[in-house]
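# Structural overview for review
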Amino acid sequence: MNQSYIPKVAFLISGNGSNLQTFIDARGMHLIEAEYVCTISNNPDAPGLQKAVDANIPTEVVDHREFPSREAFDAKLASTLDKYKPDLIILAGFMRVLTPDIVNAYSGKMLNIHPSVLPNYPGLNTHQRAIDAGDSYGGATVHFVTPELDGGPPVVHVKVPIREGDDADKLAKRVFEQENLIYPLAVRWFLSGKLSMHNNRAWLFGRPLPPNGHPFKYIAID
Ligand code: GRF
């Protein structure tokens, strides 16, 4: 991307939009220089839609319940995204599994954050599963989106210690503090042209990243 081009970023949300708020704040601090072209929610009642409105980001609702199949929903989602010509799509608490057609159409241009150190615990209830397994850490991973659920090439991950007496909510809060650090970092790398996906691997500064992404050093915030 040339120096004067302002990249266009789209967000997909389903719920609170707490990751979306992270990016609104990061842009406010000039950590991220981008045009936030739209926020699309599959859930008309997602509180995150108001966060977008408050930040003057156009909103769209594509309600999955109005479509007969995942493919039909994704086709509408893709045509809605296409209107905005995004350079990057940020999944920010988007709770629908995407079909290969839309993922492949935006291959290398979609990032997600997943609340575990992948490949551990793809899917839901990650914090509870880590606690139940007696793990010493939970965490989060930013990864490129591919058709495999939570299986795309990792970009950066952070391990967050599980403490005595933790429940899923306490751990989720501690992990989320770290999500606020690693997700904007990955997006900055991408928007500055340093991060890309080739051959199902994430590359940073012209080198392939380790299989579970760059390790981000845990910094305790509380
Ligand atoms: C975050 O914990 C993230 O890891 C997961 O969704 C959560 C944020 O949801 N993908 P929301 O933005 O508050 O809806």
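Above this text sits the structure in question.
Just so you know, these numbers come straight off a predicted model, no measurement behind them.

Here 3 strands make up an open sheet; going across it, the order is β8-β9-β10 and the pairing antiparallel. What marks the edges here is a single partner per strand, and that holds for β8 (195-198) and β10 (207-208). With 2 bridges joining them, strand β9 (residues 201-204) and β10 adopt antiparallel strand pairing. If you follow L204 over to β10, its bridge partner there is R207.

Now for helix α1 (residues 18-28). Here α1 has its buried residues at N19, L20, T22, F23, I24 and A26. Residues of α1 that are buried make contact with β1 (8-13), β2 (35-41), α2 (48-54), β4 (88-91), β5 (110-114) and α6 (168-191). Two residues or fewer after α1 comes H30, characterised by a positive phi angle close to 60 degrees.

Alternating residues of β9 divide into A202 and L204, all buried, and R201 and W203, none buried. Bridge analysis of β8 against β9 gives 4 bridges, and the strand direction is antiparallel. Looking across to β9, one finds that M197 is bridged to A202. The hairpin formed by β8 and β9 contains 2 residues between the paired strands, and N199 there has a positive phi angle of roughly 50 degrees. Where β9 hands over to β10, the hairpin turn is made up of 2 residues, of which F205 adopts a positive phi near 50 degrees.

Each value, and the rule that gives it
Residues numbered from 1 in each chain as written. Predicted model: local features only at pLDDT ≥ 70, side-chain atom pairs only at ≥ 80, totals over all residues. Heavy atoms only, no water. Pairing = 2+ DSSP bridges. Helix = DSSP H or I, 4+ residues; strand = E, 2+ residues; numbered from the N terminus. Buried < 20%, exposed > 50% of the residue type's maximum accessible area, 1.4 Å probe, protein only. Contact = heavy atoms within 4.5 Å.

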